[in-house]
Structures are given as structure tokens and as C-alpha cells.
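# Structural features, examined
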Amino acid sequence: MNKRLFVLLVVLMSLSLIGLIFVQSLWIKKSVEDKEDQFSNMVSQALNSVTDKISKREYKNYSDRYLQVKDSVGELKEAQFKNFFFIDRDVNSNEILLYEHGILEEDYGISSTFFDNADGSDTTIIKNYTSKRTTSIFKEDYDIDGKGYRLTPIQRIEKIGGLSKIDKVAMEEMFNTFAQRVPIHERVSKQEIELLVQRELENRGVDINFEYGVFSNGFPTKVKSKKFKYSEKNIYKSAMFADFEGNSNFDLLVSFPKKKRFLVQSILGLALLSLLFTLIIVVAYSGAIYQLIRQKQISEIKTDFINNMTHEFKTPIATINLAVEAIRNPKIIADKEKVKRYLQMIRDENKRMHAQVENVLRISKLEKNQLDISKDRVDAHDIIEDAITHVELIVADKGGYIKTHLDAERSEVLANEMHFTNVIVNMLDNAVKYSVEPPKIDVYTEKVKNYIIIKVKDQGAGMSKAVVKRVFEKFYREHTGDIHNVKGHGLGLSYVKKIIDDHQGDVYAESEKGKGSTFFIKLPLI
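The shown structure was predicted, so the numbers you read here are calculated from the model rather than taken from an experiment. (Residues numbered from 1 in each chain as written. Predicted model: local features only at pLDDT ≥ 70, side-chain atom pairs only at ≥ 80, totals over all residues. Heavy atoms only, no water.)

### Observations concerning the overall build of the chain
Counting its secondary structure elements, the chain contains 14 helices and 15 strands. Looking at the chain as a whole, 35% of its 526 residues are labelled buried. Nonlocal contacts in the chain, meaning residues at least 24 apart in sequence, comprise 67% of its contacts between residues at least 6 apart. A total accessible area of about 32,900 Å² is found for the chain, and carbon and sulfur atoms account for 54% of it. (Helix = DSSP H or I, 4+ residues; strand = E, 2+ residues; numbered from the N terminus. Buried < 20%, exposed > 50% of the residue type's maximum accessible area, 1.4 Å probe, protein only. Contact = heavy atoms within 4.5 Å. Areas by Shrake-Rupley, 256 points an atom, 1.4 Å probe, with all protein chains shown as cover.)

This is the structure in C-alpha cells:
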């Protein structure tokens, strides 16, 4: 895949994901705001209903007291009847409308006792009003026999009732005037407010704790809950005992200490579900990006692997070439012992080349746990000495050396001889490859508790800390720009890591750029 196209795809996918997360955040924020508006509307409706019910309850109490006093009076002392009428004639239909309204005023001569006047005066007189309303419609017909006109009644409606709307308004206005002089704590109780507010909120699906207080012209009164605190941000207000002009001296204020938690909990289910799906998308996106990057790396590694696959054959081929050249030397060919030694070396290196061919398959089987590695009692020092013989000719040809410092008192381990030998050879081969100058390699062993520590130290190019962390990863090779002075495909140390792990051991490295590297192998002793 083209690098620019790959970057463009990643950028577009990232922008899409960021946009999705942004939209989800806006949706959650908008949901909270909508819930808050809905909450405010329901609270306002509930408070208006509460104040209206309190006002109606107070007026009903005074009305009941008025009727009780009226019913308990004695004889009627004075009565007046007033009658009003109205006549209208429709010329087109010859109909005449007669409307009569009679008002009976009854005075019982008893002063009011249901209004508690602050100054002790009492000037209100109890009176009863009865209203009689009659509507009659007559049709004017010509009487042929009587030779004149006569009125024929068509419809008559008669209503008898109490106060009219205007009279009721006057009564309520009078009541409001006197009620305003009564202290607020006598007009409404805390229990009534608590009960009504709780009931109205629950009827609207708002189950939340609240605090309340009644204020008079902006100042607090005795009617309030214990924990009520005034705050302009979280206060809901409704006027109490308003007059006919809408003016009121009292306000019912309600606050909700746990309002935010209530609003969040109201959308918590959908929000968590949305976040869950968003998280799934993020994980899927991250996995897709990782796979894209991984596939791109594998594609690059594949190309590099094909170009450098023969590198693993260079060491044994070079050793075989040196051995053949040595045998061809007249001085050497006469020495049967040396010829025999070089022939054995050629045979061993040939076996090693065969082993390198199967290295990739071996790594694959190790990853799938399909490689059955049999282990026997072996001497680690013998393995190290044997491994050194595989590379000593190359080291000597480059003018370097390999020195051993095998100081471990015990060196027997449970291992597979072939794989363990390959591990040491790989580490020595890396030390040779990454030595700019003639390779100088030191091999140490020491016993630490019940483990043997094998150290392979070189004075080569060294590695940065970032490279040290990844040096045992499969196919990983240090990036050196356009310089490819060291060939390979990043399988050697990955193989080392998997073999040592299979032997219940540990392998790690220490290095500093320009000062060489030291590889450590830690294996349990028998």
C-alpha cells in the first residue's frame, strides 16, 4: 500500500472516530440540558399547583366559616329587593326579549367574626344575597278574530342563585384585603407545604429530596425547612396569595440539593449504553489501525526477509570456505589431524546450514506450541565451548578474539543440546555481526543461588534503550535509515527468547550506544 494512501486512510478514520465521540458528547450534554429544562418545567408546574391549592384552601376555610356564621344567625332583621329589567324587540322576527334580574339583600345584623383584624376593630356586617334572573321571549302575532295584535310566549328561562361573578369577585377581593393582615405562619403550615410539594412532584415523576422556604418581599419568614439555603442558581420560585392584579408579597422558594445527581441518573442508562458502544467502536478502530500498521510492517519485513534470507547462510558458508582453503594448503593437507578437524568442521557447518533453513518453521512451531523439545542433562560449559568452535574461524579471520571466563562452580542444566547450542551460536554471531572493528567477545558464567548466569559481552556498536526493549521481538531489526551494512531478518534473537522460555529460563540484554552490548541467559541448575 502506498504510504500516502495509508496515512490518508488513518487520518480519515481518526477524524471519523473523533467526530463520532464529539457527537456522542454533544448528545449527552444536550440530553442533560433537555432533562434539566423538563425538570424545571415540571417543578414550576408543581409549585404553581401547590400555591394555587394553598390559596383555594385558605379561601375555602374562610368561606366555610362565613356559611357557618350565616347558618347560625337568628331572625332576619332587614330585607331589600331590587329588580332590573331589559326589553328588546326584533323587527325582522317580531320577537320581544324581556330580561329581568332581581337581587334580594338579607341583613341579619351580625358582625363578622371570621376575619381576625389586627387592630381589634370590626366593621364588617354579615349579609346574604340571592339572585333571580328571568329571560322571556314573546312573539307578536296579529289576531284576526280580535282584530288586533297579541303576544304569544315562546320561551321562559328562570335562574335563581347566589352571588354573581362580579359579586364573587368583590367578595374575594374583600377576603384578600383582610387575609393580607394575617401573619404568614398562620395562613400556611410547614406540614402543608411539605405534603403538597412532595405529592405534586411525585405525580410528575420527580422523586427527589427538596428544601423550601417562604419569603416576604425578598426576606425569609419562619415558614421554611431546616436545611434550606438561598442560592440564586438552584432556586425555583412561585408567587403565593396573589391578588387579582397578579401582585404578591410572598414567594414559595424550593431548592434541590441533589439535582445534578438526579439529572445524571435519569439519563445514566442511555449514556452508559452509548459510552459502551462508543468504547467498542474505539477498541475496534484501534484494533483495525493496529492490524493495518502490523500488516504494513509485515509487508516491509517480507520484502526485507526475501532480500536478506541468505544472510543466515553466510556464517557457515564462510566457515566452510575457510576450512576448504586451509585443507588445500600443502602444509595443512599433510597433517591428517588438522584435515580431520577441518572436515568435521565442514560437516558441522553443513548441519548448521540445514538447521538454519528450518529456522523459520521452527519459530512458527514454537509460537503454536507444536515443537516438542526433549531435554537431557547437559553441561552448559561444554555447550559454550562447542558453540564457540562454530564461529571462532570467522572471528580469527576478522582479527578478533573470543575469550571464556567460565567461573560457575556448577554448570549442569536440563536442556536440549542442539537448540541450546543454536542459542549460544546466535548470540555469538550477533556479537560478530555488530562489531564495527575486529570482534572482541568475552563469555562469562557464574552461579547465582540455584541458577547459572551466562553472559556474552561484546565491544560492538551497542543499542539504544528503545532497541533493547524490542530486540527479542520477532522480525524486529534496528532502523538504520538507508544503511544496510548488517544483513538479517530479525529471527535469531526471537528464536533465542522462545527456546530459553521453553527451558524455564530468562534472557535479557544491557547495552549502551557505541559501547557494546551484554546478553544474559539465566537457567536453573540441576
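### A short note on the nonpolar core
Val413, Phe420, Val423, Ile424, Leu428, Ile441 and Ile521 are the most contacted members of the largest nonpolar core, which has 43 residues in total. With residues near it in sequence (within four places) discarded, Ile424 still touches Ile383, Ile384, Ala387, Ile454 and Ile521. If you look at the next biggest cluster of nonpolar residues, it comprises 27 residues, including Phe39, Ala46, Leu201 and Val254. (Core = buried A, V, L, I, M, F, W, Y, C linked by side-chain atoms within 4.5 Å.)

### Let's talk about the sheet that holds strand 12 (residues 440-448)
The pairing of strands in a sheet comes from backbone hydrogen bonds and takes either a parallel or an antiparallel form. The strand order 10-12-13-15-14 describes an open sheet built from five strands, whose pairing is mixed. On the outer flanks of this sheet lie strand 10 (401-406) and strand 14 (506-511), each paired with one strand and no other. This sheet shows a mean twist of 15° between the axes of neighbouring strands, independent of strand direction. Relative to strand 12, strand 10 is paired through six bridges, and the arrangement is parallel. Paired with His405 across the two strands is Tyr444, which belongs to strand 12. In this fold helix 11 (residues 380-397) packs onto strand 10, strand 12 and strand 13 (451-458), with an angle of close to 170° to the strand it touches most, strand 10. In the packing of helix 12 (residues 417-433) onto the sheet, contacts are made with strand 12, strand 13 and strand 15 (517-524), and the angle to strand 15 comes to roughly 170°. (Pairing = 2+ DSSP bridges. Axes fitted to C-alpha atoms, helices over the stretch in contact; angles between N-to-C directions.)

### With respect to the side chain of Ser238
Among the secondary structure elements, Ser238 is positioned in strand 7 (residues 235-240). Dropping the residues within four chain positions of it, Ser238 is found in contact with Leu47, Asn48, Thr51, Asp251 and Leu252.

### What about the pattern of salt bridges?
As enumerated under the stated definition, the model contains 14 salt bridges in all. In this structure, the salt-bridge partner of Glu200 is Arg204, at a minimum N-O distance of 2.7 Å. On the basis of relative accessible area, Arg204 is assigned to the partly exposed category, the value being 26%. Where Lys375 meets Asp502, a salt bridge forms, and the shortest distance between an N and an O atom there is 3.0 Å. Of this pair, Lys375 sits in the loop between helix 10 (359-367) and strand 9 (376-379) while Asp502 sits in helix 14 (residues 492-502); the two residues are 127 residues apart in sequence, bridging distant segments of the chain. Look at Lys375 and you get partly exposed, because its relative accessible area is 27%. Here the residues in one salt-bridge network are Lys53, Glu200 and Arg204, joined through shared partners. (Salt bridge = Lys/Arg side-chain N within 4 Å of Asp/Glu carboxyl O.)

### Structural notes on the environment of Ala271
With respect to the secondary-structure elements, Ala271 resides in helix 6 (residues 268-308). Separated by 244 residues in the primary sequence, Ala271 and Trp27 place their C-alpha atoms 9.1 Å from one another. Dropping the residues within four chain positions of it, Ala271 is found in contact with Trp27 and Ile28.

### Here we look at the pairing of strand 12
Bridge count for strand 12 against strand 13 is eight bridges, and the pairing is antiparallel. Within strand 13, the position partnered with Thr445 by the bridge is Ile454. Turn length for the strand 12-strand 13 hairpin, with the two strands adjacent in sequence and antiparallel, is two residues, and the turn residue Lys449 shows positive phi of about 55°.

### Some thoughts on a negative patch on the surface
Taken together, the side chains of Asp376, Asp382, Glu385, Asp386 and Glu417 define an acidic patch exposed on the protein surface. Considering each element in turn, the negative patch owes the most residues, three residues, to helix 11. With respect to the element layout, Asp376 can be found in strand 9. (Patch = residues over 30% accessible without salt bridge, like charges linked within 9 Å, V, L, I, M, F, W, Y side chains within 5 Å. Lys, Arg positive; Asp, Glu negative; His and termini not counted. Charge placed at Lys NZ, Arg CZ, Asp CG, Glu CD.)

### A word on the confidence of the model for the chain
Overall, the predicted model of the chain reaches an average pLDDT of 76, with 72% of residues at or above 70. pLDDT under 50 marks residues 112-124. Its contacts with residues more than four places away, or in other chains, come to 22 contacts. Here residues 481-489 scores under 50 on pLDDT; set against residues more than four positions off or in separate chains, the count is 17 contacts. (pLDDT = per-residue confidence, 0-100.)

### Some points on the environment of Ser255
Following the sequence through the fold, Ser255 ends up in strand 8 (residues 250-255). A relative accessible area of 9% means that Ser255 is categorised as buried. Sequence-wise, Ser255 and Lys233 are 22 residues apart; in three dimensions their C-alpha atoms are separated by 9.4 Å. Beyond its immediate chain neighbours, meaning those up to four positions away, Ser255 contacts Phe210, Glu211, Phe228, Lys229, Asn234 and Ile235.

### Quick notes on the packing of aromatic side chains
Throughout the structure, instances matching the rule amount to seven aromatic pairs. Residues Phe39 and Tyr236 carry aromatic rings whose centres are separated by 5.9 Å and whose planes lie at 70° to one another, so their mutual orientation is edge-to-face. Of this pair, Phe39 sits in helix 1 (residues 3-71) while Tyr236 sits in strand 7, placing them 197 residues apart in sequence. An identical accessibility class is assigned to Phe39 and Tyr236; each is buried. Look at Phe39 and Phe256: their rings are 5.1 Å apart centre to centre, the planes differ by 75°, and that puts the pair in the edge-to-face class. With Phe39 in helix 1 and Phe256 in the loop between strand 8 and helix 5 (259-266), this residue pair connects regions lying 217 residues apart in the sequence. Judged by relative accessible area, which is 1%, Phe39 ranks as buried. For Phe256, a relative accessible area of 3% translates into the label buried. Following the ring pairs from residue to residue traces out a cluster consisting of Phe39, Tyr236, Phe256 and Phe262. The lysine or arginine in question, Arg187, covers the ring of Phe241, its NZ or CZ lying 3.9 Å from the ring centre. The cationic tip of Lys403 hangs over the ring face of Tyr401; the distance from NZ or CZ to the ring centre is 4.6 Å. (Phe/Tyr/Trp six-rings, centres within 6.5 Å; stacked < 30°, edge-to-face > 60°. Lys NZ or Arg CZ within 6 Å of the ring centre and 35° of its normal.)

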